[in-house]
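Chain and residue survey
Listed below are the residues making up each chain.
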Amino acid sequence: MMPAVNSDTEETRYGAFLDARLMARFFGYAKPHRRWLAFAMILPPIGALSQLAQPLVIQMAVDRHLVTGQLDGFFGLLAALAGLGVVQFVTGYLQSTVNAMLGQRVISDLRQELFAHLLTLDAAFYARNPSGALTNRVANDAEAISQMVSAGLINLVGDVLLLISVAVGMALLSPRLSLAVLILMPAVIFVAFRVTQRMRVIQRHGTLLQARMTARLTEETEGRDVVRLFHQQQNAMVQFGRLNRAHRENADKSNFLEAFQFSFVEAASTMVVAAIFWYGGLLMAEQTLTIGVLTAFIDAVRRLFFPIRDLAGKFTTMQSAMSALERVFTLLDTPPAIADPTPAQAILPPPHPKGEIHFQGVTFGYGQETVLSGIELHIAPGERIAVVGPTGAGKSTLIKLLNRTCEPQQGSVRIDGIPVNRIPLAPLRRMAGVARQETFLFSGTIAENIGLFDPAISLERIEQAAEETGAMGFIRALPAGLQTRLTERGNNLSAGQRQLLGMTRIFAHNPPILVLDEATSSVDAVSERLIQTALERLMRGRTALIIAHRLSTIRHADRIVVLSHGRIVESGTHQQLLEQQGLFATLHALQFREEPEAVT
Amino acid sequence: MKNATTSPAPSRLRHLLPLFAGQKRAFALGFALLALTNASAAAIPYVMKLATEELMLRKVPHTLILALVVLAIVNAFFRIRSRTLIFGIGRDVEFALRSRYHAKLLSLDAPFLDQEKTGELASRAAADVGAVRMFVGPGFLQISNALMAYAATMPVMLGLDPLLTLLALAPIPLVLGVSRLLTRRMYRLSRVVADRFGALSGFIQESIAGIAAIHAHARETDWNRRFAAETEELSRAALRHARLQSLFGPMVVLGGAIGGFIILAHGGREVAAGRLTMGDFVAFSGYLAMLIWPTVGFGWILTVMQRGLAALDRISGVLDAHPFLDPAVAAAPAAEKRWTGAITLDHLSFAFRPDTPVLHDLSLEIPAGSLTGLAGRIGSGKSALLQVLARLHPAPAGTIRIDGRDLNTLPEAELRRELAMVPQESFLFSSTLLQNLLLDRPDPSHFRAREAIRLADLEEEVQRFPQGLETLIGERGITLSGGQRQRAALARALVGNPSILLLDDVFSHVDARTEARILENLRAASRHRTVVMVCHRVAALQRADRIHLLDQGRIVASGTHDTLLETSPLYRDLHNTMSRAEALEALAR
């Protein structure tokens with residue numbers, strides 16, 4: 001939960017106190033829980049009543065029994081007092097529990113919607129938005145909104161109602177005296193709110209400094225060899241000391257503001273009481289005020305002032321929630337660039353697709369830069385195509401177009417004659433299983449990483465797939481076999497093992513079309529042989545489109561397609577291309593000179 | 001947590017007590033200010049009572065009103081002063097403890113740090129040091145307040161009516177117990193909530209990082225299902241915490257209400273019978289109200305202190321650790337004279353862990369100014385040898401000598417000036433490239449940085465960086481490719497112009513041609529520098545004056561590339577593997 005080091009920009013901006021447009025939309029999420037909401041709204045008045053009634057009961061007991069000395073009915077009052085205490089306890093407990101529950105329910109719904117929406121967004125979106133910010137949307141922003149519900153909104157309504165009713169009560173008792181009190185109120189409220197806001201800013205700055213210290217310490221620990229090798233201990237101490245000192249100084253400010261806030265409201269209420277004594281004394285001299293009303297006023301001042309402190313805190317909660325809502329809704333409103341076809345447009349692929357692929361006049365580029373232009377490529381069912389070419393020739397874009405990770409600007413891509421943009425994304429991507437250069441491993445067991453949490457893929461199938469690729473060899477040697485948990489991103493596996501797992505994943509999902517971007521990371525000789533065998537088996541009975549980096553893959557392909565500067569420049573079998581004396585022949589001569597025949 | 005009661009208190013506070021030494025006066029002053037705060041606060045209701053009495057006589061109580069205003073200001077002043085002073089002590093202790101902890105961490109070396117998790121070391125400096133602060137500042141405040149509240153009210157209450165006092169205080173143990181129990185469980189549950197929140201964030205982060213894999217296999221539905229389960233877990237944990245928290249306030253109020261009930265039930269009858277005055281009755285209710293919150297605070301602070309002690313234990317674990325090298329030796333002044341750079345290994349054996357030896361009885365001479373290659377399979381001990389040579393890990397006394405001096409006796413400043421190593425992981429700090437190169441060298445000469453960049457063949461690329469050498473790299477700046485990072489790390493080692501340069505497989509992400517160029521540059525720049533390198537390319541090894549072939553921690557063959565190729569089957573095998581890898585690598589580009 002470590003906060004991002006440079007989170008002091010967008011994330012800490014305050015929103016308005018209340019934004020009607022945002023709130024209206026947000027209430028849509030609260031609607032399914034409106035019964036609980038109603039329940040939450042009636043609890044505060046009950047609690048307030050039971051609290052207010054207690055002094056009255058004591059008052060009655062004193063006047064009727066303690067002063068007179070007769071005890072008839074005294075026990076009834078005692079019972080009433082006990083009852084009120086219990087009621088206050090129960091409503092107090094229910095009030096916070098129900099609020100917390102409402103906050104959690106509303107936010108669970110919103111979170112799941114946000115996450116589901118994130119999954120529909122395309123690669124270009126992820127390239128634009130840093131993952132830390134997106135994680136913050138779903139985790140932290142949602143939390144801020146939940147805070148608004150559980151700690152702010154409902155209690156805020158209660159507080160405001162309480163303030164209004166006390167003020168009305170005072171006005172009824174003595175309009176002139178209340179006017180005097182109410183004139184002083186805005187100044188007190190203003191100062192309390194300003195101090196609270198300032199406190200928030202200071203506290204956030206403190207959190208930020210703390211995060212920076214943690215980041216520094218983490219970096220120093222991770223780079224401990226470098227710190228030692230270059231004798232940087234003194235330097236590190238100076239740098240860290242600077243942050244630590246700034247944190248210490250910031251703490252002084254926040255300590256002061258906290259103490260000030262605490263004392264200010266207290267002192268202000270005493271001064272208002274002094275003012276009541278003075279003005280009330282004058283009014284009493286005029287015979288326009290009774291002592292009873294004056295005492296009631298003093299009591300009312302206490303009741304008025306404590307919610308103010310509370311309100312100031314809630315004000316900032318609301319502000320952070322508003323800016324969080326704004327960001328969250330903006331994210332929800334970002335449309336996915338690549339979406340399912342409309343039901344009317346959608347064509348489901350046949351249950352057993354042949355795996356014929358057709359690129360027709362495909363052109364693709366980012367902005368001004370053209371990546372692929374005028375690609376014409378027909379791949380027959382079961383054919384094995386190796387795509388080769390220099391870096392930046394557009395090889396990986398070709399496969400992105402096939403499973404619709406990108407969309408061409410011109411031309412079309414068809415599978416079994418159906419344009420890919422007419423096939424709903426899920427069946428399309430199940431049809432063309434793409435394996436990237438780097439196998440991304442999730443936290444979880446080896447089996448979960450092969451089956452990717454698909455309940456339809458049984459453990460037997462996973463094991464079978466691992467046997468097919470030969471991955472089972474190293475998996476068996478692991479402490480818990482297929483159930484071994486991977487450490488962070490699988491960094492306890494070698495490059496070769498990761499590649500094998502990626503291939504096993506494809507076996508388990510069994511797509512009719514194999515799309516593979518061969519890994520370039522070099523592996524030891526044993527893994528190399530295993531990977532070669534696995535690939536051989538994977539291609540069996542499938543149409544294969546492979547961005548080839550291995551000579552063996554290239555040699556065993558039915559056809560080699562050479563891409564250069566976004567165009568297909570050569571195409572044919574290994575032998576044909578060598579004889580053509582073109583780019584492939586040059587590449588081949590350059591790159592495989594030292595390759596011993598024994599490998600293939 | 002569980003060792004909270006195992007060792008006696010004084011020894012557990014050994015690292016904390018010295019920090020209090022200069023704070024005695026501050027504590028005394030803080031206590032005095034707190035007493036004044038409480039006294040002035042208590043005076044306010046009394047003045048109000050007097051003022052009401054005067055009003056009853058139809059007089060405007062001008063003096064008392066003035067007194068009220070003065071009291072309000074004085075009370076606020078004392079309260080602010082006492083709180084800032086006492087919390088300030090806590091902050092001072094926090095600051096000093098964190099500085100000590102950090103300095104200690106810097107003095108510790110690989111054998112200790114390798115056993116610790118980075119995240120935990122960092123969280124000790126943040127969370128644990130913070131927990132100790134709570135123990136000092138708020139701890140002192142709450143305990144003082146509770147003491148004063150009881151000291152002020154108990155004599156009066158007992159003097160009025162001992163029996164009623166006992167009865168009225170009956171709910172106090174309940175309040176204390178509940179406060180203690182609830183706060184303890186709340187802390188525990190808030191940890192659970194934080195963990196679950198961390199897990200949720202981790203899940204989101206991982207899903208974003210692996211979004212391509214999720215899309216490629218159309219796994220969205222299952223991922224949504226998994227996310228819902230994570231959300232549910234967090235929600236449940238948060239609710240369990242909220243329910244407990246919801247109990248806290250009402251429980252305290254209930255405690256007060258029970259006391260009030262007892263006072264009315266018993267005291268009321270006493271008043272009715274004329275054994276107690278009306279004023280005493282009102283006073284009792286007031287005193288009880290004064291005791292409730294300090295008691296709650298006391299219960300809470302006991303929990304805070306327990307946590308603070310546990311945190312202190314974790315910090316002490318680091319403060320009590322020792323580096324393998326005698327700090328006095330390390331801090332000794334550096335000799336001015338430059339080294340020639342001759343290295344002698346004399347029956348060197350080494351193990352990271354006692355039961356698994358890594359290097360066995362190595363003896364060899366590395367002449368000054370030579371280029372020495374270390375070859376061998378993964379795990380043969382090449383990197384370990386470099387790490388020991390660089391004194392990142394301890395070698396037995398006398399087994400490594402540089403220019404005839406035992407490695408373990410060399411001052412740290414001198415060693416680091418003369419010997420540079422480029423480790424396998426090219427770690428760079430997230431600051432500018434220039435800062436990474438120069439570090440804290442007193443002579444901030446751009447010239448040396450530029451020269452190093454040129455030698456490491458990074459010059460051209462740096463020119464294309466948005467701000468050249470001033471470009472910020474790492475999380476907040478641009479991301480360097482693996483090859484760029486390796487060359488930047490190499491350049492950093494070259495800036496200091498060391499006599500000995502140790503290179504641990506630093507060209508793995510650099511292509512063969514660039515590697516050749518860099519080695520050429522290094523040779524041309526200094527013919528006197530001793531270079532020892534681990535590498536996995538045939539061409540680089542061919543350049544070495546001498547290659548030592550390691551296998552399972554022993555030197556199995558030594559010689560030039562050509563002789564080894566003829567005489568050593570292991571080297572031949574390795575050579576074939578390397579050539580093949582190079583061909584594959586070339587195709588990838």
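Bear in mind that the values here come from a model prediction, so they are computed numbers and not experimental data. (Residues numbered from 1 in each chain as written. Chains lettered and ligands numbered in written order. Predicted model: local features only at pLDDT ≥ 70, side-chain atom pairs only at ≥ 80, totals over all residues.)

Before going further, it helps to examine the overall build of chain B. Along chain B, the regular secondary structure elements total 22 helices and ten strands. The principal-axis extent of the C-alpha atoms belonging to chain B is close to 115 × 65 × 50 Å. Considering chain B as a whole, with its 589 residues, one finds that 40% of them fall into the buried category. (Helix = DSSP H or I, 4+ residues; strand = E, 2+ residues; numbered from the N terminus. Buried ≥ 20, exposed ≤ 12 C-beta atoms within 10 Å, placed from the backbone.)

By domain assignment, chain B separates into domain 1 (1–160 + 308–323), domain 2 (162–275) and domain 3 (328–588). Taking the mean C-alpha position of each, domain 1 of chain B and domain 3 of chain B sit 52 Å from one another. (Domains from an automatic or database assignment.)

Moving on to the sheet that holds strand 8 (residues 530–534) of chain B. All names here are of chain B. Taken in spatial order, the six strands line up as 6-7-8-3-9-10 in an open sheet, and their pairing is mixed. Two strands in the sheet have a free side with no partner beyond their single neighbour: strand 6 (419–422) and strand 10 (554–559). The mean inter-strand angle of the sheet, taken between neighbouring strand axes irrespective of direction, is 15°. Where strand 6 meets strand 7 (residues 500–504), four bridges bridge the pair, whose relative direction is parallel. Along strand 7, the bridge assignment pairs Met421 with Leu502. (Pairing = 2+ DSSP bridges. Axes fitted to C-alpha atoms, helices over the stretch in contact; angles between N-to-C directions.)

Let's shift gears to the domain arrangement of chain A. When cut into domains, chain A gives domain 1 (20–173 + 321–339), domain 2 (175–288) and domain 3 (359–438 + 490–592). A C-alpha centroid distance of 25 Å is found between domain 1 of chain A and domain 2 of chain A.

Our focus in this paragraph is the sheet that holds strand 8 (residues 543–547) of chain A. Residues and elements named next belong to chain A. Read from one edge of the open sheet, six strands run 6-7-8-3-9-10, paired in mixed fashion. Pairing within the sheet leaves two strands with one partner each, and these edge strands are strand 6 (432–435) and strand 10 (567–572). Recorded for the sheet is a direction-independent mean angle of 15° between the axes of neighbouring strands. Sheet strands in contact with helix 10 (residues 395–402) are strand 3 (384–388), strand 6, strand 7 (513–517), strand 8 and strand 9 (559–564), and its direction is about 145° off that of strand 8. Together, strand 6 and strand 7 form the strand contacts of helix 15 (residues 495–509), whose direction differs from that of strand 6 by roughly 170°. (Contact = placed C-beta atoms within 7 Å.)

For A:Ala133, the position within the fold is in helix 5 (residues 131–173). Each C-alpha atom, one on A:Ala133 and one on A:Ala211, is 16 Å from the other, the two residues being 78 residues apart in sequence.

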